[in-house]
Amino acid sequence: MHNHSTRSDGLLSPTQLIELAARTGVDAIALTDHDTTEGLEEAGRAAAHLGVTLVPGVEISVSWGATTLHVVGLQVDPSAAQLAEGLRSIRDGRLERAARIAEGFAKVGIESTLEGALACAENKEMVSRTHFARHLVERGAVKDTQAAFDKYLAKGKPAYVAHRWAGLEEALRWIRASGGVAVLAHPGRYELKPAFRDEMLADFKRFGGEAIEVVTGSHRPEQYAMWQRVAEEHGFLASRGADYHGPGESPCEPGRLPALNASLTPVWSKWAH
Ligand code: AMP
Ligand code: MN
Ligand code: MN
Ligand code: MN
């Protein structure tokens, strides 16, 4: 229930992603590109052709105070005006942000990264830190994309740029107005102190959030139990998703993660019977 394509920072086209799902026996797959639904039409055609069920989705970048959160919308209608306009408004800031990221690299002596990152991005308006990381690998500045984040792109590092994304309440409104279900992506990645974590979960719920990711390629396996407990205690549905970005970059292919514990109610129980 969480995968990327070349319409954002994935390495496979929407068609290739669906082909991978079909080849590996995945019966239902969500395409959840960052801040865009542009790949859903192509993915839908491939899915119909190959007999795979596509769950149309999106992963929205959100600013909650100074913290960036990711909220996945599942079963969204990409033609819904509020969602389409909202996503456009957050995409609009990306190019300018990328220029500032490149300035951060220049300050530590790594020049001309904007051109390099853009060359790595098929969808230029969705240029992201991932594309900078890939460019750095290409030019031999780091050994892999993880090292690019650890050394330069993660919060607090020289090429990190604070950015204002969508508000949490507004992102959830867009998802819900388009008929979708809001899922908090990889909650274990935000490194919030317990009090802030509880406040964030309360806000998420208050604004209409219904599910959290428990089993995800963006959690370490030892984190699954904790987020399972959080889902149970806070009454959230649970989701499972590879957060797949492509071969060689994501350890886990779609459909390969462990199943959700039977005590959880999967988010797809809302639509799959
Ligand atoms: P952006 O939306 O431009 O901030 O890029 C965010 C993307 O960068 C995420 O969706 C991940 O694909 C990737 N990413 C973020 N943090 C890391 C990290 N620490 N290691 C590897 N990839 C990361
Ligand atoms: Mn990503
Ligand atoms: Mn994410
Ligand atoms: Mn993701």
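Residues numbered from 1 in each chain as written. Chains lettered and ligands numbered in written order. Predicted model: local features only at pLDDT ≥ 70, side-chain atom pairs only at ≥ 80, totals over all residues. Heavy atoms only, no water.

Undergrad: How do you make sense of the nonpolar core when you look at a structure like this?
TA: Nonpolar side chains tend to gather and get buried jointly when the protein is soluble and globular. Counting 48 residues, the largest nonpolar core has I60, V71, L74, L168, F204, I212 and V214 as its most contacted members. Leave out the neighbours within four places in its chain, and V71 touches V58, E59, I60, V62, L168, L172, I175, A182, V183, A185 and F204. Grouped together as the second largest cluster of nonpolar side chains are 18 residues, A102, F132, A133 and V161 included. (Core = buried A, V, L, I, M, F, W, Y, C linked by side-chain atoms within 4.5 Å. Buried < 20%, exposed > 50% of the residue type's maximum accessible area, 1.4 Å probe, protein only. Contact = heavy atoms within 4.5 Å.)

Undergrad: Explanation requested: helix α6 (residues 129-138) in the structure shown.
TA: Residues separated by three or four positions in an α-helix point in the same direction, a consequence of the helix having 3.6 residues per turn. The buried fraction of α6 is high, at seven of 10 residues. Those residues of α6 that sit buried are T130, H131, F132, A133, R134, H135 and L136. Buried residues belonging to α6 abut α4 (94-107), α5 (113-120) and α7 (145-153). Its side-chain oxygen 3.1 Å from the backbone nitrogen of T130, S128 forms the N-cap of α6. Positioned one or two residues after α6, G140 has a phi angle of 80°, which is positive. (Helix = DSSP H or I, 4+ residues; strand = E, 2+ residues; numbered from the N terminus. Polar contact = N/O pair within 3.5 Å; in protein donor to acceptor, adjacent residues only side chain to side chain.)

Undergrad: Could you clarify how one ought to interpret the coordination of the manganese ion (ligand 2) in this entry?
TA: Each pair of donors in an ideal four-coordinate tetrahedral metal site encloses 109.5 degrees, whereas pairs in an ideal six-coordinate octahedral site enclose 90 or 180 degrees. Looking at the manganese ion (ligand 2), one finds its protein donor set to be D9 (OD), H34 (NE2) and H245 (NE2), positioned 2.1 to 2.2 Å from the metal centre. Metal-to-metal, the separation of the manganese ion (ligand 2) and the manganese ion (ligand 3) is 5.4 Å. You can see H34 sitting in the loop between β1 (28-31) and α2 (40-50) and its partner H245 sitting in the segment after β7 (237-241), a full 211 residues away along the chain. Each member of the pair H34 and H245 is classed as buried. (Donors = N, O, S within 2.8 Å, 3.2 Å for Na, K, Ca; no water.)

Undergrad: What am I meant to see in the coordination of the manganese ion (ligand 4) here?
TA: The protein atoms that coordinate the manganese ion (ligand 4) are H2 (NE2), H4 (NE2), E59 (OE) and D243 (OD), at distances spanning 2.1 to 2.2 Å. Spacing between the donor residues of the manganese ion (ligand 4) along their common chain follows H-x1-H-x54-E-x183-D. Separation of the manganese ion (ligand 4) from the manganese ion (ligand 2) amounts to 4.4 Å. Of this pair, E59 sits in strand β2 (residues 53-64) while D243 sits in the segment after β7, and the two are 184 residues apart along the sequence.

Undergrad: Where do I start with the layout of surface pockets in this structure?
TA: In this approach the atoms are scanned with a rolling probe the size of a water molecule, which exposes any empty space left behind. Considering only enclosed or pocket space, the largest pocket measures out at about 1500 Å³ in volume. Where the lining of the largest pocket is concerned, the elements lending two or more residues are β2, β3 (67-74), α4, α6 and α7. The biggest single contributor to the lining of the largest pocket is α7, with four residues. Here the residues of the lining of the largest pocket sort into 10 nonpolar, 19 polar and 12 charged. Of the pockets and cavities examined, the second largest pocket occupies roughly 390 Å³. What lines the second largest pocket is a set of 21 residues, and nearest its centre among them are M1, V26, D27, A28 and R240. Secondary-structure elements contributing two or more residues to the lining of the second largest pocket are β1, β2 and β7. Tallied by class, residues from the lining of the second largest pocket come to 11 nonpolar, six polar and four charged. (1 Å grid on protein atoms, 1.4 Å probe; cavity = no way out; pocket = protein on both sides within 12 Å on 5 of 7 lines; lining within 4 Å. Points joined across faces, edges and corners; volume = space filled by probe spheres on them. Nonpolar A, V, L, I, M, F, W, Y, C, P; charged D, E, K, R; others polar.)

Undergrad: Looking at this structure, I do not really get the site of ligand 1. What am I missing?
TA: What surrounds ligand 1 is the set D9, H34, H70, R94, R97, S128, R129, T130, Q146, F149, R189 and H245. D9 has a polar side-chain atom sitting 3.1 Å from an oxygen atom of ligand 1. In this structure, H34 approaches ligand 1 through a side-chain N or O atom, which is 2.8 Å from an oxygen atom. When ligand 1 sits alone it has 500 Å² of accessible area, and the protein chains cover 81% of it. Taking a 2 Å distance to the grid points as the criterion, the majority of the atoms of ligand 1 fall inside the largest pocket. Only α4, α6 and α7 provide two or more residues apiece to the shell around ligand 1. (Near = heavy atom within 4 Å. Areas by Shrake-Rupley, 256 points an atom, 1.4 Å probe, with all protein chains shown as cover. Sits in = over half its atoms within 2 Å of the grid points.)

Undergrad: I keep staring at the pairing of β7 and nothing clicks. Help me out?
TA: Within a regular beta strand, the side chains point alternately toward one face of the sheet and then the other, so they alternate between its two faces. Counting buried positions along β7 yields four of five residues, so the element is predominantly enclosed. Taken together, strand β6 (residues 211-216), helix α10 (residues 224-234) and β7 constitute a β-α-β crossover, and its handedness is right-handed. (Right-handed = clockwise from strand over helix to strand, strands pointing away.)

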